[in-house]
Protein chains: 2
Amino acid sequence: MRISELSTRSEAAATAIKYYVREGLLPDGTRTGRTTTVYDEDHLARIRLIRALTHVGGLPVSRVREVLAAVDDPATPIQHVLGVTQQATAGDLEEPSPEAAERVDALLAARGWQVHPGNPGRRMVAAALDAADGTGHIFTDETLRGYAAASEQVATADLDAVARTGTRAAAAESVVLGTALGDRVLAGLRRIAQEAETQRRLPGPGCGAGSDGPSADPVDPAVGPRDR
Amino acid sequence: MRISELSTRSEAAATAIKYYVREGLLPDGTRTGRTTTVYDEDHLARIRLIRALTHVGGLPVSRVREVLAAVDDPATPIQHVLGVTQQATAGDLEEPSPEAAERVDALLAARGWQVHPGNPGRRMVAAALDAADGTGHIFTDETLRGYAAASEQVATADLDAVARTGTRAAAAESVVLGTALGDRVLAGLRRIAQEAETQRRLPGPGCGAGSDGPSADPVDPAVGPRDR
């Protein structure tokens with residue numbers, strides 16, 4: 001296909017596509033004439049991968065290049081692709097307090113989770129605990145245990161998805177997209193489940209989840225679009 | 001306490017604290033002299049709330065103001081505080097394709113989840129499905145069902161945490177911080193669980209999760225800090 005069709009199908013501007021080629025993220029197309037270059041389905045798939053990382057994952061081009069290098073090297077094991085992707089999509093990580101780091105370690109030990117000290121998740125969790133500290137321990141041990149059990153279910157679904165892929169290339173793509181886009185899918189499903197669970201609890205007796213009164217209408221106007 | 005102590009304890013610069021007061025996010029301190037203003041623990045808690053929303057949640061000041069207005073109004077039910085917080089922390093939401101929106105609706109129906117059409121989670125999930133589209137259906141129905149079950153566990157933990165709070169003010173704070181910081185906690189725990197689950201599967205027979213070879217070392221160097 002020509003660049004115009006590639007642009008339409010990928011929803012990336014032709015200038016963006018040329019930029020990806022210049023930056024070495026996307027292989028160049030095949031020249032079929034003095035002014036014509038054609039692209040194939042692999043180019044399309046690669047652009048979606050790039051945009052999932054940049055537009056949804058918020059990664060800078062340098063990080064995308066690292067991830068793609070791991071994806072494209074057939075000698076790189078899938079668990080290494082996962083490690084590179086986890087690091088790249090973890091965002092800026094501040095140094096957590098020793099107290100928060102200890103709470104995370106205790107949670108991991110209780111769950112029997114064996115991970116490398118450099119797993120970015122440890123710092124992500126500890127930094128969030130620090131940010132909540134001093135505001136009345138929002139994340140109690142009980143809440144963290146509930147989150148950990150749910151996260152194990154998520155990781156199982158993630159690895160099952162990778163295992164269902166047929167080739168190393170498909171597995172690598174699944175790891176990268178699943179990690180970068182999956183956080184967003186899960187944040188969305190959490191919001192849906194929170195509302196569904198609130199509505200399930202509120203009409204019943206003795207619930208209220210901290211609400212200061214009965215709700216006349218189970219659908220709260222705050223979560224709907226405003227009237228125009 | 002003086003502003004210098006408030007600054008040290010909150011880790012917010014004095015100029016940032018004055019900015020929050022000017023923007024109406026933080027009540028002014030009490031003047032005790034011609035040049036002295038004192039602040040209390042409520043100021044400290046409020047600064048942590050503001051910074052959790054701005055620094056971790058990435059919210060602009062206008063959105064923080066909306067959330068705090070809902071938190072501070074005793075007549076606003078907790079489920080409304082949740083709705084406002086969900087909207088504010090959902091990020092930019094593009095219009096999803098009808099196909100992706102339909103897949104999300106089918107998932108909700110299968111789960112028996114009743115939510116308002118305006119719940120931002122619907123668009124978050126659908127937009128992520130669109131971003132993955134054309135790259136070989138990473139998020140299969142099976143994966144989405146696993147994610148949905150896990151999200152229900154998360155929402156249960158969230159609402160249990162809110163229910164354990166004693167006052168409406170504490171419940172509102174729990175809703176806001178739990179939503180804004182909880183996404184980050186969960187993204188971190190997911191990365192930890194992914195590595196733990198990978199290591200659990202890899203040494204066993206017949207596993208590999210798409211890996212192209214046996215792993216000699218269960219700890220992958222990619223997830224550790226680089227040697228210097």
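Residues numbered from 1 in each chain as written. Chains lettered and ligands numbered in written order. Predicted model: local features only at pLDDT ≥ 70, side-chain atom pairs only at ≥ 80, totals over all residues. Heavy atoms only, no water.

Caption draft 1: Representation of the overall build of chain A within the structure. Summing up its helical and strand segments, chain A has nine helices and two strands in all. The N-to-C order of helical and strand elements in chain A reads α-α-β-β-α-α-α-α-α-α-α. Looking at chain A as a whole, 53% of its 228 residues are labelled buried. A separation threshold of at least 6 residues defines the contact pool for chain A, and within that pool the share at least 24 residues apart is 62%. (Helix = DSSP H or I, 4+ residues; strand = E, 2+ residues; numbered from the N terminus. Buried < 20%, exposed > 50% of the residue type's maximum accessible area, 1.4 Å probe, protein only. Contact = heavy atoms within 4.5 Å.)

Caption draft 2: Representation of the interface of chain B and chain A within the structure. Listed per partner, the contact involves 105 residues of chain B and 105 residues of chain A. Here chain B meets chain A over a buried area of about 9000 Å², counting both sides, of which 62% is carbon and sulfur. Where chain B touches chain A, the interface holds 10 salt bridges. Close ionic contact of A:R190 with B:D158 constitutes a salt bridge, the shortest N to O distance being 2.9 Å. If you look at where chain B meets chain A, you find 38 residue pairs in polar contact (both at pLDDT 80 or more). Elements with a contribution of two residues or more to the side of chain B that touches chain A: α3 (41-56), α5 (78-88), α6 (98-111), α7 (120-132), α8 (141-164) and α9 (168-201) of chain B. The element that contributes the greatest number of residues to the side of chain B that touches chain A is α9(B), accounting for 27 residues. Of the residues in the side of chain B that touches chain A, the class split is 51 nonpolar, 33 polar and 21 charged. (Buried area = accessible area lost by both parts, 1.4 Å probe. Salt bridge = Lys/Arg side-chain N within 4 Å of Asp/Glu carboxyl O. Polar contact = N/O pair within 3.5 Å; in protein donor to acceptor, adjacent residues only side chain to side chain. Nonpolar A, V, L, I, M, F, W, Y, C, P; charged D, E, K, R; others polar.)

Caption draft 3: Local environment of the packing of aromatic side chains. Residues and elements named next belong to chain A. On inspection of all chains with the given rule, the structure shows four aromatic pairs over all chains. Measuring from ring centre to ring centre gives 6.2 Å for Y19 and Y20, while their planes differ by 55°; the resulting arrangement is tilted. Judged by its relative accessible area of 5%, Y20 is buried. (Phe/Tyr/Trp six-rings, centres within 6.5 Å; stacked < 30°, edge-to-face > 60°.)

Caption draft 4: Expanded view of unusual backbone geometry. The residue A:E11 is not glycine, and still its phi comes out positive at about 60°. Along the polypeptide, A:E11 turns up in the loop between α1 (3-10) and α2 (14-22).

Caption draft 5: Focus on the environment of A:P96. Residues and elements named next belong to chain A. Its place among the elements puts P96 in the loop between α5 (78-88) and α6 (98-111). Residue classification places P96 among the buried residues on the basis of a relative accessible area of 15%. The residues touching P96, leaving out its near neighbours within four places in the chain, are R123, A126, A127 and D130.

Caption draft 6: Spotlight on the side chain of A:R46. Mapped onto the fold, A:R46 is located in helix α3 (residues 41-56). A:R46 has contacts with A:L25, A:L26, A:L68, A:V71 and A:D72, leaving out every residue within four places of it along the chain.

Caption draft 7: Region of the structure containing the relation of the copies chain B and chain A. Mapping chain B onto chain A calls for a rotation angle of 180° and an axial translation of 0.0 Å; the resulting RMSD is 0.0 Å. Between the two chains, the operation in question is that of a two-fold axis. Closest to the rotation axis within chain B is the C-alpha of B:A150, separated from it by 2.3 Å. Taken as a fraction of all interface residues of chain B, those also at the interface in chain A reach 100%, which identifies the copy contact as same-surface. (Least-squares fit on C-alpha atoms with pLDDT ≥ 70 in both.)

Caption draft 8: Summary view of the pattern of salt bridges. Going through the model one piece at a time under the given rule, you end up with 32 salt bridges over all chains. Via salt bridges that share partners, A:D158, A:D183, B:R190 and B:R191 belong to a single interconnected network.

Caption draft 9: Fine view of the packing of α2(A) against α3(A). Residue and element names in this part refer to chain A. Orientation of α2 relative to α3, taken along the N-to-C sense of each, is 95°, at an axis distance of 12 Å. Viewed along their axes, α2 and α3 adopt a mutual orientation that is roughly perpendicular. Contacts from A16, I17 and Y20 in α2 reach I47, I50, R51 and H55 in α3. (Axes fitted to C-alpha atoms, helices over the stretch in contact; angles between N-to-C directions. Parallel < 35°, antiparallel > 145°, perpendicular 65-115°, else oblique.)

Caption draft 10: Molecular detail of empty space enclosed by the protein. Following the criterion strictly, the structure yields five cavities of 30 Å³ or more and no others. For the lining of the second largest cavity, the secondary-structure elements that each account for two or more residues are α8 (141-164) and α9 (168-201) of chain A together with α8 and α9 of chain B. A class-by-class count of the residues in the lining of the second largest cavity yields eight nonpolar, five polar and two charged. (1 Å grid on protein atoms, 1.4 Å probe; cavity = no way out; pocket = protein on both sides within 12 Å on 5 of 7 lines; lining within 4 Å. Points joined across faces, edges and corners; volume = space filled by probe spheres on them.)

Caption draft 11: Main features of the confidence of the model for chain A. All names here are of chain A. Taken over all residues, the pLDDT of chain A has a mean of 85, while the share at 70 or more is 87%. Per-element confidence in chain A ranges from a low mean pLDDT of 88 for α3 to a high of 95 for α8. Ignoring residues within four places in sequence, the model shows residues 204-228, a span with pLDDT below 50, making 41 contacts including any to other chains. For this predicted complex, the interface score ipTM comes out at 0.84, while the overall pTM is 0.84. (pLDDT = per-residue confidence, 0-100.)

Caption draft 12: Examining helix α7 (residues 120-132) of chain A more closely. Here α7(A) contains 13 residues, and its C-alpha end-to-end distance of 19 Å stays within 8% of the 18 Å for a straight helix at 1.5 Å per residue. The buried count for α7(A) comes to 11 of 13 residues, which makes it a mostly enclosed element. Burial in α7(A) covers these residues: A:P120, A:G121, A:R122, A:M124, A:V125, A:A126, A:A127, A:A128, A:L129, A:A131 and A:A132. Each element contacted by the buried residues of α7(A) is listed here: α5, α6 and α8 of chain A together with α3 and α9 of chain B. (Expected span 1.5 Å × (residues − 1).)

Caption draft 13: Up close: the packing of α6(B) against α8(B). Residues and elements named next belong to chain B. One can describe the packing of α6 onto α8 by two numbers: an axis separation of 11 Å at closest approach and a directional angle of 55°. Considered as vectors, α6 and α8 are oriented oblique to each other. For the pair α6 and α8, the sense of crossing is right-handed. Contact residues: α6 offers R103, L107 and R111, while α8 offers D141, L144, R145, A148, A149 and E152. (Left-handed = near helix turned anticlockwise from the far one by under 90°.)

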